[in-house]
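Structural characterization, general
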Amino acid sequence: MSLLDLTYAAALIAHLAALVLLALTKDRLGQWLFRAAVAVLAVAFVILSWQARRLPLYGLWESMLTVALMAGLCGVFSRGVDAKRLWPWVAGANLVLLLFALPRPKVPGLDYYMYSYPWTVCFFFFRDLALGLLVYAALAFWASLFNQDQRQALSWRGRNFLLLGSAVFLAGEMCGSYWALNWMGDFWLWGRGFLLSTLMFLSAMFAFHLPAGLASRPRLAAALGALPGMLVLGLTLWQQVAEGV
Amino acid sequence: MKRLASLELTLICLGGLVVWLGLGAGLAVTPSLKNAFMAMNHHLVFQWLAGPAQATPLLMAWFIILCLWAAVLFLNLVLCLITRLFPQASRSGKSRWWLLAAAHVLFGMVMICHAAGLTLGDKKDGLTLQPGQTVEWGQGWRLQLQRVEFTSDPALLKLNYRQARKRLNRESFPLDANFAVVELSRNDQPLAKGRVGMLAPLVQDGTRVTLTGFAPPDAGGKIGARLVVSGSPLTPLFFGGYVALILGLLTLAAFTWRRRSNGS
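No experiment lies behind these values; they were computed from the predicted model shown. (Residues numbered from 1 in each chain as written. Chains lettered and ligands numbered in written order. Predicted model: local features only at pLDDT ≥ 70, side-chain atom pairs only at ≥ 80, totals over all residues. Heavy atoms only, no water.)

Moving on: the packing of aromatic side chains. Ring pairs (aromatic) are described by centroid distance and by the angle formed between their planes. Residue and element names in this part refer to chain A. With the rule as written, the count across this model stands at 33 aromatic pairs over all chains. Between the aromatic rings of W188 and F194, the centroid separation amounts to 5.3 Å while the plane-to-plane angle is 75 degrees, which identifies the pairing as edge-to-face. Over the ring of W32 we find R35, and its NZ or CZ is 4.8 Å from the ring centre. (Phe/Tyr/Trp six-rings, centres within 6.5 Å; stacked < 30°, edge-to-face > 60°. Lys NZ or Arg CZ within 6 Å of the ring centre and 35° of its normal.)

What follows is the structure in structure tokens.
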């Protein structure tokens, strides 16, 4: 069993234990376990980067580790009563993200020659970071429906991370466009990848453009706020499962 | 005017574009349209509309409707800026409103540059040359492939996409070691001459020669090069606008991070 296998197993168990304890309102112990779980993810991230001689970029194992770490860091470093309410949600989501990576060997993924190109690295890495932020935003929007006393605070938290995630996503897209310019001679290529990327960004704009009548309907607002995180995650998983990476 | 500047229309356009882009993503992998989609990358938009698009009316219809959705969204953006965002920013004088207006202006700018990048400039795609070979095309363009330096295993060039993803790695295919030397001229005036590597195009006065790949050895064992010649005057502005938009969104997020007491 390799070091990465061990850290993966430890992260899974720690997230599961944190989720159970937080759900049972054993808050003090649950919160410490959640922090420990995120710390284990950080250790796995460092080991993987060191072994791969690059940042984790693509493939279920590398992507899900980065996304879970980002969502976990958002949880751990966010302040406020509403932020603490999100911890069981983040622990549960991270558990699911890590389970997606279960069938994949816990080793660095492909060493494709393009991965030595900084703009390629930034494209993939920013996209995973953005996905982590968008997943955290989606959780905040969903949690707002189940925490009446913190509804506005959680919705606002979701809005903030949706905006931040959109900006980081765009940063990745810009790097991808520059990569395409130097690889294929144009910053835009007609094909599935570019069309889906634009679709993902535009879907993130729904929640910011709700007319007053729709914005006052909590379920609809929460669903539209959570949509980008779910959509980008779904498309990422679908593509990586289909490619078998 | 009020309806054209409304958030309802914004939402309809965003929804329409999302559905239409999703449809396009599906069409792009349809066996009967896959190659037609690829052909869109070989031309600027008007050249494509006047030529290859005629053979695939379905794709042309999809593209025109996509442009219409984008045009209505752009109109909505401009009118919203004029009738709502700028007046609101001016009335309140608050930085958050000015930042919101600025983010919308920058998004509009990226949209314009994107459209211009697809329509203006020059593009010649799909050039596969052997060393010593020259190709000429409209308006006096001429490209000569002088030589190819390929130190990796030529068998790597015969792999399909999936195999290549696994075997073309940093060790077997170092970026700096494989390159081509080209000379580009127009109306017999030399424009650019020199080395062009993978991800390292030769750029001169906004015109770029890009090496998209190497062609497997021919009968004589010579390895060729796949090249694209392109140039769009607004490419720097596109990326400048993109950076400004990202910074604008981050600044907007920072300025509006704390919720106001009324919860709005």
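Another aspect to go through is the interface of chain B and chain A. In this complex, chain B contributes 63 residues to the contact, which on the side of chain A involves 55 residues. Across the chain B to chain A interface the summed buried area is about 5,500 Å²; carbon plus sulfur atoms make up 71%. The largest per-residue losses of area from chain B upon contact with chain A belong to R165, R170 and L199 of chain B, which jointly make up 16% of the total buried on that side. In this assembly, chain B and chain A are joined by two salt bridges. (Contact = heavy atoms within 4.5 Å. Buried area = accessible area lost by both parts, 1.4 Å probe. Salt bridge = Lys/Arg side-chain N within 4 Å of Asp/Glu carboxyl O.)

A few words on the sheet that holds strand 8 (residues 224-231) of chain B. Within a sheet, each strand pairs with its neighbour through backbone hydrogen bonds, oriented either parallel or antiparallel. Pairing is antiparallel in the open sheet, where four strands are placed in the order 1-8-7-6 (chain B). A strand with exactly one partner marks an edge of an open sheet, and here the two such strands are strand 1 (122-129) and strand 6 (202-204) of chain B. Strand-to-strand twist in this sheet, taken as the mean axis angle between neighbours without regard to direction, amounts to 15 degrees. Pairing of strand 6 of chain B with strand 7 (residues 207-215) of chain B, which is carried by three bridges, proceeds in the antiparallel orientation. Its bridge partner lying in strand 7 of chain B, V203 of chain B is registered against R208 of chain B. In the packing of helix 6 (residues 151-184) of chain A onto the sheet, the strands contacted are strand 7 and strand 8 of chain B, and the crossing angle to strand 7 of chain B comes to about 70 degrees. (Pairing = 2+ DSSP bridges. Helix = DSSP H or I, 4+ residues; strand = E, 2+ residues; numbered from the N terminus. Axes fitted to C-alpha atoms, helices over the stretch in contact; angles between N-to-C directions.)

Residue and element names in this part refer to chain B. Within strand 8, seven of the eight residues are buried, leaving the element largely enclosed by the surrounding structure. Of the strand pairs in this sheet, strand 1 and strand 8 are connected by six bridges, and their pairing is antiparallel. Looking across to strand 8, one finds that L127 is bridged to L227. When strand 7 meets strand 8, the two strands line up antiparallel, connected through seven bridges. The partner of R208 across the bridge, within strand 8, is S230. (Buried < 20%, exposed > 50% of the residue type's maximum accessible area, 1.4 Å probe, protein only.)

Turning next to empty space enclosed by the protein. Across all of its chains, the model carries two cavities of 30 Å³ or more by this definition. The computed volume of the largest cavity comes to approximately 60 Å³. Together, D186, W188 and W190 of chain A together with M40, N41, H43, L44, V45, G117, L118 and K123 of chain B line the largest cavity. Looking at the lining of the largest cavity residue by residue, the classes come out as six nonpolar, three polar and two charged. There is about 30 Å³ of room inside the second largest cavity. L134, S166, F169, M200, F201, A204 and V232 of chain A together form the lining of the second largest cavity. Mapped onto the lining of the second largest cavity, the elements with two or more residues apiece are helix 6 and helix 7 (192-204) of chain A. The element that contributes the greatest number of residues to the lining of the second largest cavity is helix 7 of chain A, accounting for three residues. (1 Å grid on protein atoms, 1.4 Å probe; cavity = no way out; pocket = protein on both sides within 12 Å on 5 of 7 lines; lining within 4 Å. Points joined across faces, edges and corners; volume = space filled by probe spheres on them. Nonpolar A, V, L, I, M, F, W, Y, C, P; charged D, E, K, R; others polar.)

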